[in-house]
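One letter stands for each residue in the lines below.
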Amino acid sequence: MKAMRTLIAVVIVGAALSRPVGAEQVPLNNLRTPSSPGFVILGVEPSSVERPLTPRDFAVSLASAAGDPNLLPDEYAIEAAPYWLVPHDSLTYDDFYANDPLKNIYRNLSMSIAVSKDQSFGDSVAADTRLGIGIRSLLLRGQDDPRFRISLDSLQNAMLDAESTEVEDSLNAATKKLINEKDNQPFGFSLELAGAMALLYPESDTHKGKAYRGGVWITPAYRPVTEGQIEFLSVLRLLLEDGVRPRYDLGFRLLWFANDRLSMSAEYVSRLGDIPDSDNKDTYRIAGVVDYRFSYDLHMTATFGRDFEGEAGTGELLARLGIDFSFGDVPFYHVE
Amino acid sequence: MKRVRMEKDYQVADRDIALTIVIGNAQIGISCVKLGDTELARGDIAKKVIGNGRDLAGKTLAIKTVVADVNDLTNRTNVTYQLRGGTDDQDYGLNAVVEENGDSAIYYATIHFKR
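Residues numbered from 1 in each chain as written. Chains lettered and ligands numbered in written order. Predicted model: local features only at pLDDT ≥ 70, side-chain atom pairs only at ≥ 80, totals over all residues. Heavy atoms only, no water.

### Focus on the overall build of chain A
Counting secondary structure elements, chain A contains six helices and twelve strands. Long-range pairs, those at least 24 residues apart, make up 61% of the contacts in chain A with a sequence separation of at least 6. For chain A, the accessible area works out to roughly 17,300 Å², and carbon and sulfur atoms hold 61% of it. (Helix = DSSP H or I, 4+ residues; strand = E, 2+ residues; numbered from the N terminus. Contact = heavy atoms within 4.5 Å. Areas by Shrake-Rupley, 256 points an atom, 1.4 Å probe, with all protein chains shown as cover.)

Quick look at the structure:
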């Protein structure tokens, strides 16, 4: 059963206010590599995403979306991991996570494609259509937190001993929660890579397509295993946009998990290049973030600092308070 | 939660019978192996000698395997039970697609040893 997710947010305390995500803006404030760069490069959050499990599903999805080769669909989004479209019955967990960089690249490769149609202005002119294509992979994954394996082993042993389906189902829910926990990240070095390109089709004419935006993300991270866990994350981003100078982001974040509920982080991102709606071409963001988890389904995030110019409306002060709720088995994590 | 069941006969010979359980698709699983009411092994099972074919004939091996979907790139899970030492080597493959990342699948295998 799909989890029902509800996000109740966000109280704006200061003068800063992000512009809504639209087709003309790329939300690049998160230091993490986007999970779906093909969507991010368009600045869209599709409400429905197809996730084919087999090559046949993949082909059928693309064919049905394409329909007439001279027409582009109004809205379409698909995510797929090509390597995993077929089963790998002899690939064990230890083999997969042996951290061979070359194997990691193709085994962890995922692609995302989104199509979005701009608002139409009258019946005489067809609306423009935008296409985003992105790929993402892991070069280095890091290592499992041994505490995760111990906890999982304990739950699986209990499931082996369970003598009723009710107990098994209850243990399944606990296992699922453990696996999907936000803090259950590998330790050691990890390196994520992603790239994306956006194309514009004026009046939705497939013969007039042109690339107008491109992006590259390189995200190295280090997370040691210590009692008071610390994570160091950095990111290098490059955004290429038609008609403006390339835009570079170089950022760092230090995250400290004070305990199971409380985490604090400090981040700095330097942005070089053309900033839309701003006279100042180079800018930076510096912020402190406090996150407190009341329960598995509820946490609060407070962010204070200085935001990028051109993305903070009339001011630079960054002060936000957000509360995330999620109802269902899988938590929904909202960042800003 | 997905549950998969299998029941097979396995022809023994006058040699040791060994069992290996492979969890594929980069998922994590453990198994409990029982001969009759006696637990023979638990955890990762690799080339586990069950006994000599002469002694096993007429007995039943019951295996329960729990596989958790820890691989966020696929919801496929599968288990391969490899039996060696009988008249023929046998690989029994079972699979299940769980609904969401983090879900588990439980596999039950019953193997009757026959002469």
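Further notes follow.
### So, the environment of Asp153 of chain A
Here Asp153 of chain A shows up in helix H5 (residues 146-161). Residues Asp153 of chain A and Thr175 of chain A lie 22 residues apart in sequence; the distance between their C-alpha atoms is 9.7 Å.

### Thoughts on the pairing of strand S8 (residues 247-257) of chain A
Residues and elements named next belong to chain A. Only one face of S8 is covered, namely the one carrying Arg247, Asp249, Gly251, Arg253, Leu255 and Phe257; the face carrying Tyr248, Leu250, Phe252, Leu254 and Trp256 has none of its residues buried. Linking strand S7 (residues 230-241) back to S8 in an antiparallel pair, the connection comprises five residues, with Gly243 at a positive phi of about 90°. Bridging between S8 and strand S9 (residues 262-272) involves ten bridges; their strand directions are antiparallel. Directly across from Leu255, in S9, lies its bridge partner Ser265. Counting the residues between successive antiparallel strands, the hairpin from S8 to S9 contains four residues. (Buried < 20%, exposed > 50% of the residue type's maximum accessible area, 1.4 Å probe, protein only. Pairing = 2+ DSSP bridges.)

### Structural notes on the interface of chain A and chain B
Facing the 39 residues of chain A at the interface are 36 residues of chain B. When the buried surface of chain A facing chain B is broken down by residue, Trp84, Gln156 and Leu160 of chain A rank first, second and third, together holding 24% of it. For the pair chain A and chain B, the number of links is six salt bridges. The closest approach of N and O atoms between Lys176 of chain A and Asp103 of chain B, which form a salt bridge, is 3.4 Å. Counting across the chain A and chain B interface gives 22 residue pairs in polar contact (both at pLDDT 80 or more). Every element with two or more residues in the side of chain A that touches chain B is listed here: helix H3 (93-96), H5 and helix H6 (165-180) of chain A. Here the element with the most residues in the side of chain A that touches chain B is H5 of chain A; it accounts for nine residues. Across the side of chain A that touches chain B, the residue classes tally to 19 nonpolar, eleven polar and nine charged. (Buried area = accessible area lost by both parts, 1.4 Å probe. Salt bridge = Lys/Arg side-chain N within 4 Å of Asp/Glu carboxyl O. Polar contact = N/O pair within 3.5 Å; in protein donor to acceptor, adjacent residues only side chain to side chain. Nonpolar A, V, L, I, M, F, W, Y, C, P; charged D, E, K, R; others polar.)

### Considering the sheet that holds strand S6 (residues 60-68) of chain B
Strand order in this open sheet of five strands is S1-S9-S6-S3-S4 (chain B), and the pairing throughout is mixed. In this open sheet, the two strands that pair with only one neighbour each are strand S1 (2-11) and strand S4 (38-43) of chain B. Neighbour-to-neighbour, the strand axes of this sheet turn through a mean angle of 15°, independent of strand direction. Sheet analysis places S6 of chain B next to strand S9 (residues 104-114) of chain B, joined by nine bridges and oriented antiparallel. Looking at S9 of chain B, one finds that Lys64 of chain B is bridged to Tyr108 of chain B. Of the strands in this sheet, strand S3 (28-35), S4, S6 and S9 of chain B touch H5 of chain A, which is tilted by about 35° from S3 of chain B. Across the sheet, H6 of chain A is in contact with S1, S6 and S9 of chain B; its angle to S9 of chain B comes to roughly 125°. (Axes fitted to C-alpha atoms, helices over the stretch in contact; angles between N-to-C directions.)

### Examining the pattern of salt bridges
Overall, the coordinates contain 22 salt bridges over all chains when judged by the stated rule. One salt bridge in this structure joins Glu168 of chain A and Arg3 of chain B, with 2.9 Å as the shortest N-O distance. Highlighted residues: Glu168 of chain A in helix H6 and Arg3 of chain B in strand S1, drawn from two different chains. What makes Glu168 of chain A buried here is its relative accessible area of 3%. The salt bridge involving Asp307 of chain A is made with Arg285 of chain A; its shortest N-O contact spans 3.2 Å. Linking Asp307 of chain A in the loop between strand S11 (298-306) and strand S12 (317-325) with Arg285 of chain A in strand S10 (residues 283-295), this pair joins segments that are 22 residues apart in sequence. Across the pair, exposure class does not vary: Asp307 of chain A and Arg285 of chain A are buried alike. Taken together, the salt bridges that share partners define one network made up of Glu168 and Asp169 of chain A together with Arg3 and Lys64 of chain B.

### Comments concerning a negative patch on the surface
Together, Asp94, Asp95 and Asp153 of chain A together with Asp44 of chain B line one region of the surface with negative charge. Topologically, Asp94 of chain A is positioned in helix H3. Residue Asp94 of chain A is classed as exposed on the basis of its relative accessible area of 57%. (Patch = residues over 30% accessible without salt bridge, like charges linked within 9 Å, V, L, I, M, F, W, Y side chains within 5 Å. Lys, Arg positive; Asp, Glu negative; His and termini not counted. Charge placed at Lys NZ, Arg CZ, Asp CG, Glu CD.)

### As for the environment of Val67 of chain B
Within the element layout of this structure, Val67 of chain B appears in strand S6. Relative accessible area serves as the criterion here: at 0%, Val67 of chain B is assigned to the buried category. Sequence-wise, Val67 of chain B and Tyr107 of chain B are 40 residues apart; in three dimensions their C-alpha atoms are separated by 8.0 Å. Here Val67 of chain B is in contact with Gln156 of chain A together with Ile23, Gln27, Ile28, Gly29, Thr77, Val79, Asp103, Ser104, Ala105 and Tyr107 of chain B, once residues within four sequence places are set aside.

### Side note on the confidence of the model for chain A
When the pLDDT values of chain A are averaged, the result is 78; 76% of them are 70 or greater. pLDDT under 50 marks residues 1-24 of chain A. Its contacts with residues more than four places away, or in other chains, come to 65 contacts. (pLDDT = per-residue confidence, 0-100.)

### Observations regarding H6 of chain A
Taking 1.5 Å of rise per residue, the 16 residues of H6 of chain A would be expected to cover 22 Å, and the 22 Å separating its terminal C-alpha atoms lies within 8% of that figure. Among the residues of H6 of chain A, Glu168, Leu171, Asn172, Thr175, Lys176, Leu178, Ile179 and Asn180 of chain A are the ones counted as buried. Residues of H6 of chain A that are buried in the fold lie against H5 of chain A together with S1, S6 and S9 of chain B. (Expected span 1.5 Å × (residues − 1).)

### Concerning the side chain of Thr77 of chain B
Residue and element names in this part refer to chain B. If you trace the backbone, Thr77 turns up in strand S7 (residues 76-84). For Thr77, a relative accessible area of 1% translates into the label buried. Side-chain polar atoms of Thr77 contact the side chain of Tyr107, separated by 2.7 Å. If near-sequence neighbours (up to four positions away) are discounted, Thr77 is found in contact with Asn25, Gln27, Val67, Leu94, Asn95, Ala96, Val98, Ala105 and Tyr107.

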